[in-house]
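Coordinate inspection notes
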Amino acid sequence: RSSDLLEEQGYVKLDQGAKCMFIPDKPIPLMVQKSDGGFNYDTTDLAAARYRLCELKADRLIYITDVGQYPHFELIFEAAKIIGWHKPPQTRMEHMGFGLVTDKNGQKFKTRSGDTVKLVDLLDEAKQRAANQLKARVNDSKEGQQTKLTEDEIDEAAERIGMAAIKYFDLRQNRISNYKFDYDKMLDPKGNTAVYLLYSYARVCSIINKSELKEEDFQKILEKGGFKITHPHERFLAMSLLRFPEVIDTVVDELAIHKLCDYIYDISVKIAEGYKKYRINDDPNKETRVLLFEAIRRVMQKAFWMVGIKPLEKI
């Protein structure tokens, strides 16, 4: 057992009957074993750290809990370093803390009866609201506002949109900050929301489908010259795509998922700006322009996958 091992190696001291490990400059010690012989989170987390670092040979451990748990894990990290299990910079132990979700008034999120809100209820409500939005667009007479989904497709689309709305709204926040849960903001088709991004992706797919170019056509275009800039705005789109690996590196290094969300939103905004500036399918440069949009589609699809969102090819 880890507690016996630490005692044998002289890392623990008795304090009022409990076996404790004192960390320099920390007022509270790690309690490896309680005075009654029982064990607690200090014991199990320290044992888990040993197993992951020494047995599994992990070179990076990421602990995901609320920010209030940071002092506890800081003790675990320091203890693992003192014992010799954790050897920075060869190994990394990091706490990926997150803030609290509150209601519109900034209070702890609860139901009217005072009970804790269940995630499944939040997802069901988001799905229903998304379905209502889609159904309202079935007979919308405004140009470009009418949904392309059939009645049978609306249910699945609503589930994807509802889940994406909650996931994305959560992940796009600075993770250590508290945020207010708001369905209206989550399902807003304008602004930095999953709904806006899903519509953007669907429009990209629509343009590619209308071009009638297939996978083999893209390969032929690449073989005979590939992509070329035919409009100034395409330079901005292409530069955005080239940033993707850098964004991923930053997200992984800083544990900042919101930066990936910002990246998807930035591409979506640039796509929308392009619609007003130049044509794609009705243009002599159709092939290379559609090729760029196919590259955009693939990057967006991969980014969506990374944040746990299933996109829709039509909405």
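Residues numbered from 1 in each chain as written. Predicted model: local features only at pLDDT ≥ 70, side-chain atom pairs only at ≥ 80, totals over all residues. Heavy atoms only, no water.

From N to C terminus, the protein includes 12 helices and seven strands. Here the C-alpha atoms of the protein give a radius of gyration of 26 Å, more than 25% beyond the 20 Å that 2.2 N^0.38 yields for 315 residues. Along the longest, intermediate and shortest principal axes, the C-alpha atoms of the protein span 80 × 55 × 30 Å. Intrachain contacts of the protein at a sequence separation of at least 6 include 69% that bridge at least 24 residues. Accessible area of the protein: about 18500 Å², with a carbon and sulfur share of 50%. (Helix = DSSP H or I, 4+ residues; strand = E, 2+ residues; numbered from the N terminus. Rg over C-alpha atoms; globule rule 2.2 N^0.38 Å. Contact = heavy atoms within 4.5 Å. Areas by Shrake-Rupley, 256 points an atom, 1.4 Å probe, with all protein chains shown as cover.)

Let us look at the pattern of salt bridges. As enumerated under the stated definition, the model contains 21 salt bridges in all. Linking E78 and K81 is a salt bridge whose minimum nitrogen-to-oxygen distance equals 3.5 Å. Note that E78 and K81 are positioned in helix α3 (residues 70-83) at a spacing of three residues, about one turn of the helix. We classify E78 as partly exposed; its relative accessible area is 27%. Among the ionic pairs, E294 bridges to R297, the shortest N-O distance being 3.0 Å. Placement of both E294 and R297 in helix α12 (residues 286-306) is noted, with a separation of three residues, approximately one turn of the helix. A single burial state applies to E294 and to R297, both of which are buried. (Salt bridge = Lys/Arg side-chain N within 4 Å of Asp/Glu carboxyl O. Buried < 20%, exposed > 50% of the residue type's maximum accessible area, 1.4 Å probe, protein only.)

To continue, consider the sheet that holds strand β1 (residues 13-15). Read from one edge of the open sheet, three strands run β1-β2-β3, paired in antiparallel fashion. Each having just a single partner strand, β1 and β3 (30-33) make up the two edges of the open sheet. Taking each pair of neighbouring strands and ignoring which way they run, the sheet shows an average axis angle of 50°. As paired elements, β1 and strand β2 (residues 18-21) share three bridges and run antiparallel to each other. If you follow K13 over to β2, its bridge partner there is C20. (Pairing = 2+ DSSP bridges. Axes fitted to C-alpha atoms, helices over the stretch in contact; angles between N-to-C directions.)

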